[in-house]
Amino acid sequence: MSEPNDATFDIVILGGGSGGYAAALRAAQLNLSVALVEKGKLGGTCLHNGCIPTKALLHAAEIADQTRESEQFGVKAELVGIDMAAVNSYKDGVVARLYKGLQGLVGGAKNITFVAGAGKLVGKNVVEVDGKRYTGRNVVLASGSYAKSLPGLEIDGERVITSDHALTLDRVPASAIVLGGGVIGVEFASVWKSFGVDVTIIEALPRLVAAEDEESSKALERAFRKRKINFKVGKPFEKVEKTENGVKVTIAGGETVEAELLLVAVGRGPNTANLGYEEQGVKMDRGYVLTDERLRTSVPNVYAVGDIVPGLQLAHRGFQQGIFVAEEIAGQNPAVIDEAGIPRVTYSDPELASVGLTEAKAKEQYGADKVKTYNYNLGGNGKSQILKTAGFVKLVRVEDGPVVGVHMVGARVGELVGEAQLIYNWEAYPAEVAQLVHAHPTQNEALGEAHLALAGKPLHAHA
Amino acid sequence: MSEPNDATFDIVILGGGSGGYAAALRAAQLNLSVALVEKGKLGGTCLHNGCIPTKALLHAAEIADQTRESEQFGVKAELVGIDMAAVNSYKDGVVARLYKGLQGLVGGAKNITFVAGAGKLVGKNVVEVDGKRYTGRNVVLASGSYAKSLPGLEIDGERVITSDHALTLDRVPASAIVLGGGVIGVEFASVWKSFGVDVTIIEALPRLVAAEDEESSKALERAFRKRKINFKVGKPFEKVEKTENGVKVTIAGGETVEAELLLVAVGRGPNTANLGYEEQGVKMDRGYVLTDERLRTSVPNVYAVGDIVPGLQLAHRGFQQGIFVAEEIAGQNPAVIDEAGIPRVTYSDPELASVGLTEAKAKEQYGADKVKTYNYNLGGNGKSQILKTAGFVKLVRVEDGPVVGVHMVGARVGELVGEAQLIYNWEAYPAEVAQLVHAHPTQNEALGEAHLALAGKPLHAHA
Amino acid sequence: EPAAEAEIAAQPAQAEQRATPPAPTATPQRPSAPAQGGGEEAAGYVTPLVRKLASEHGVDLSSVNGTGVGGRIRKQDVLEAAERAKAAKAAPA
Ligand SMILES: Cc1cc2nc3c(=O)[nH]c(=O)nc-3n(C[C@H](O)[C@H](O)[C@H](O)COP(=O)(O)OP(=O)(O)OC[C@H]3O[C@@H](n4cnc5c(N)ncnc54)[C@H](O)[C@@H]3O)c2cc1C
Ligand SMILES: Cc1cc2nc3c(=O)[nH]c(=O)nc-3n(C[C@H](O)[C@H](O)[C@H](O)COP(=O)(O)OP(=O)(O)OC[C@H]3O[C@@H](n4cnc5c(N)ncnc54)[C@H](O)[C@@H]3O)c2cc1C
């Protein structure tokens, strides 16, 4: 629409992570002019310190495990060891390639002006970077998040570290304590165990991945027990002390655990301090930016997307919100995002994947007598047997109504969440999925079998 | 409904493979009495000599490859060798476990009478087994298929073998020729190459997996070339001769290829000879049983399912047809099966997966100017980069209409076909998928990205 | 005889059979209109996207004639039914 000739843009975006760059790319497609302000690297946390590098580590971990267990499949192999320098160069190579691709996309969009530097909201529609002011008819706040710690728990980057440090570790520690049994915590615990580390997870809540359906937590805990990943749940952290070669953590009740290092994975805090948000009148709550369902902040024409908005802290939520805001500003009136319809994957071994409501949430929402569930055990699924993985596909439905929750555990089930996402968001009835017989022998067949069973016509399952 | 007290059943099923046992299980759920006649093992080709054992071999092959290439991921390992006895016991273990499960399902269904023995249709509603007659108000023919050969090409089970023999091979041959570049041929070629065999595929048609979209064939050929799997396409087989240690195959034009053994994988023929079908008036064509779209043969109350019915020879098609026939007989009037909506997977490395129409077929059906395609390269997909796999997700849509074809190539893409199956069968428009942003970083995200791009709003892709 | 002929012949023949289904040996019968709501006992074929579209346009699926494979109701069928209903309403009594 307009050109930035008077240094005025249709949109000024503060932060070039998942939320910010998605907004920029979509806005550019809609012929809006964009200033995209980024103080670090385009791509943000997800690309450089989050999703991508962790999943590279998890894949190296999978390779290590498969090599270690290859004899079970008739392949005679010897695992010599983990070459952490080589793991890191593989990981960095993946990040670099995707970074280059993203730079090409943003750089190739004529109406995006990329501004390198730290920005601050200095007016309701002005972001200042290194003394230069960028005025936007609209502003999108997308400054993301950082690894939190607990009061009195000091991160030294050596023995007490966050995921940022863990991703650049140049050695495989002999032992590690992971503080926090959420997604990031269990993913690192899984990687390290595969690399031969003696791992203990400490979680204050009564179960690992407590945001997931209770059966998923139980299955993950069972699998971790089998993998000899130690965990202590339901006991808050009390203190950490340095020992001669590492750290000693004390948890409620006085129990102590020692290890070479402590990974603090107690959640991500919104990166909003000293950015001028409050000064310009943006309503906040404990550092998060409050928005309505159309992602509008309390200041007209100022939007927020991504991890600074309360809710799921996931890259693809950032993408979706970024796209939404761009379309909203362009006057396309996009449909409001259903937060429950955003798929969630934990990429540990085994993987967890879910979309929609947990059984508990569904019962709360619809009444316990109105909710039916079915749990299809992967023991009946040929491909899962071939992979030697255990787990399940659990469906939650409303009686005489659609499927409102899908919960899965097992190797590689993260890939099944795409189908589950359509089922949930398109409000499919079990019978509508059941009439489509899935490819044999796949793992997605288990999703089909679960729907067959829930529709009253089980195939490879008892009723 | 009725009990088999007078040796009369609601349904007599001839053959206990994918099609037959699915019909039996569904019929039993609908309170029909069933006699299920099986001369070999319950589960048929798929469980004992097809889907399951081949996919076990393919997984062992994947493990071998990953071990071989583990250094790329920073995992130092040494591939010592393939222990074929151990591979076979892994494979047999998977089959045995699933076989036991299936026996439990069939045995546990009170109204299924399992009849062990070879059956023959001796009346329009009578199957005879070892001199005993089983009368059915309905009969379902489900006798399956066998590995075909070519005229003059004699299978000796030693040097000239079919998939049946290949599945029980007790050694890794030094070299092998695979005659036939269809699904079964490329799967074995893929396994053997991973096991270190020098493989050459010979295919008379101009490309490998010729039933797939042309771009999929090209991508598979490119990947096979990279893997140093030799193939010669467009040149029919002429003859095979025994050599001192193996075989020598001559193809059109006089070129010869030598190897330790020859796998004949030129297709599966219907197993219908001497079973009384024709004598009882069942209309046949080149050995196949002809049916209408409701799977009725020309003889009233005689149905046919599975590989003996012209069309895709796939286990889950058998399941779906078996379920259909049971429901039809029970008066449920099920919806006719759309053959194009049945997903197709080739489990080689890389995998191929598709559902719906190829680009060529769609153009034929809708007119070339009405068909739009989009090819999303996996180079832009983070998880595929992490797996170091190449390939694509290709969509075929009708202009202003739904997606009518999905074609995918790459490691593990077979698991994405579940979602693709919903998209095709539910006639989704690209925009309906595009509004659901997929989990990051997954491979199913590539399916999302392709829909975003086709809907005119590419995210991680150039327009 | 060049045996390979058989292979070439076999595959296209199958493909052909696929494209043109074998001549029906009994009168093909169209399934009755799919039941609404996807109830488990209901036969027929409904898709969520069609169901949603129908409810958006106030179209009763049991009154819609499906033009898809085996009488499946397509989006187009729902949209046309909605158009007809609108036209009927607009028409003077
Ligand atoms: C270890 C780890 C693993 C994860 N794995 C996954 C996963 O597998 N899948 C998933 O979906 N999510 C994952 N996440 C979460 C995901 O990374 C975040 O949800 C996502 O990055 C949020 O995007 P965002 O745009 O809100 O913020 P960010 O990605 O944090 O981007 C914010 C950007 O703003 C910039 N910025 C901040 N302040 C300023 C300023 N003043 N001026 C200029 N620029 C500024 C920052 O430099 C940064 O680039 C993971 C996170 C971590 C930490
Ligand atoms: C190597 C190979 C790999 C394959 N991989 C896959 C795959 O990955 N995915 C897939 O979907 N499909 C695959 N298939 C195809 C799949 O196996 C078949 O489509 C499927 O088995 C067909 O089922 P059916 O019931 O028609 O026949 P079958 O499974 O062949 O069953 C027929 C049964 O009838 C019995 N029978 C025959 N005659 C008589 C008689 N006179 N009396 C009593 N019993 C009789 C037989 O013993 C047999 O058990 C593969 C096939 C092969 C050969």
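This write-up is about the structure you can find in this document. (Residues numbered from 1 in each chain as written. Chains lettered and ligands numbered in written order. Predicted model: local features only at pLDDT ≥ 70, side-chain atom pairs only at ≥ 80, totals over all residues. Heavy atoms only, no water.)

## Side note on the overall build of chain A
Put simply, the rule reads: A run of H or I in DSSP becomes a helix once it reaches four residues, and a run of E becomes a strand once it reaches two; helices and strands are each numbered from the N terminus. Radius of gyration: over C-alpha atoms. The globule rule applied is 2.2 Å multiplied by the number of residues raised to the 0.38 power. In this description, contact between two residues means that some pair of their heavy atoms is separated by no more than 4.5 Å. When charges are counted, Lys and Arg contribute as positive and Asp and Glu as negative, whereas His and the chain ends are disregarded. Throughout, a charge is located at the NZ atom of Lys, the CZ atom of Arg, the CG atom of Asp or the CD atom of Glu.
Looking only at helices and strands, chain A features 13 helices and 25 strands. For 463 residues, the compact-globule estimate of 2.2 N^0.38 gives 23 Å, and chain A sits close to it at 23 Å. For chain A, contacts bridging at least 24 residues in sequence account for 62% of all contacts bridging at least 6. Between the averaged position of the 48 positive side-chain charges in chain A and that of its 55 negative side-chain charges there is a distance of 1 Å.

## Some points on the interface of chain A and chain B
Spelled out, the test is: When two parts are brought into contact, each loses some accessible area as probed by a 1.4 Å sphere; the total of that loss over both is the buried area. The salt bridge definition used is simple: a Lys or Arg side-chain nitrogen within 4 Å of an Asp or Glu carboxyl oxygen. Here a polar contact is recorded for every N or O atom pair within 3.5 Å, except that within protein the pair must consist of a potential hydrogen donor and a potential acceptor, and residues adjacent in sequence are included only if both atoms are side-chain atoms. Pairing between strands requires that DSSP locate at least two bridges from one strand to the other.
Chain A puts 89 residues into the contact, and the matching count from chain B is 89 residues. Carbon and sulfur atoms supply 64% of the area that chain A and chain B bury against each other, a total of about 7600 Å² over both sides. One can count four salt bridges joining chain A with chain B. A salt bridge links Glu62(A) to Arg412(B), with the nearest nitrogen and oxygen atoms 2.7 Å apart. At the boundary of chain A with chain B, the tally comes to 33 residue pairs in polar contact (both at pLDDT 80 or more). Broken down by element, the side of chain A that touches chain B gets its largest block of residues, eleven residues, from helix α3 (residues 51–68) of chain A. Relative to strand β3 (residues 75–82) of chain B, strand β3 (residues 75–82) of chain A runs antiparallel, the two being bridged by seven bridges. The residue bridging Lys76(A) from the neighbouring strand is Gly81(B), located in β3(B).

## Quick look at the site of ligand 1
Worth spelling out the cut-off: The rule for a residue being near a molecule or strand is that one of its heavy atoms must lie within 4 Å of it. In this description, accessible areas are obtained by the Shrake-Rupley approach with a 1.4 Å probe, and a residue is regarded as covered only by the protein chains that are shown. Each residue is assigned to one of three groups, with Ala, Val, Leu, Ile, Met, Phe, Trp, Tyr, Cys and Pro labelled nonpolar, Asp, Glu, Lys and Arg labelled charged, and all others, Gly among them, labelled polar.
By nearness alone, 40 residues border ligand 1, and Glu38(A), Thr45(A), Lys55(A), Ala315(A) and His440(B) come closest of all. More than a single chain frames ligand 1: its nearby residues are located in chains A and B. Gly119(A) is positioned such that a nitrogen or oxygen atom in its backbone is 2.8 Å from a nitrogen atom of ligand 1. One of the side-chain N or O atoms of Asp307(A) is found 2.8 Å from an oxygen atom in ligand 1. Relative to its unbound accessible surface of 990 Å², ligand 1 loses 95% to contact with the protein. By residue class, the composition of the shell around ligand 1 is twelve nonpolar, 22 polar and six charged.

## Let's talk about the pattern of salt bridges
All names here are of chain A. How we decide: Accessible area is worked out with a 1.4 Å probe on protein chains only. A residue is then buried under 20% of its type maximum, exposed over 50%, and partly exposed in between.
Throughout the structure, instances matching the rule amount to 51 salt bridges over all chains. Between Asp 156 and Lys 242 there is a salt bridge; the shortest N-O distance is 2.6 Å. With Asp 156 in the loop between β8 (145–147) and β9 (160–161) and Lys 242 in strand β13 (residues 237–242), this residue pair connects regions lying 86 residues apart in the sequence. A relative accessible area of 30% means that Asp 156 is categorised as partly exposed. Bridged by salt links that share partners, the residues Asp 213, Glu 215, Glu 359, Lys 363 and Lys 394 form one connected network.

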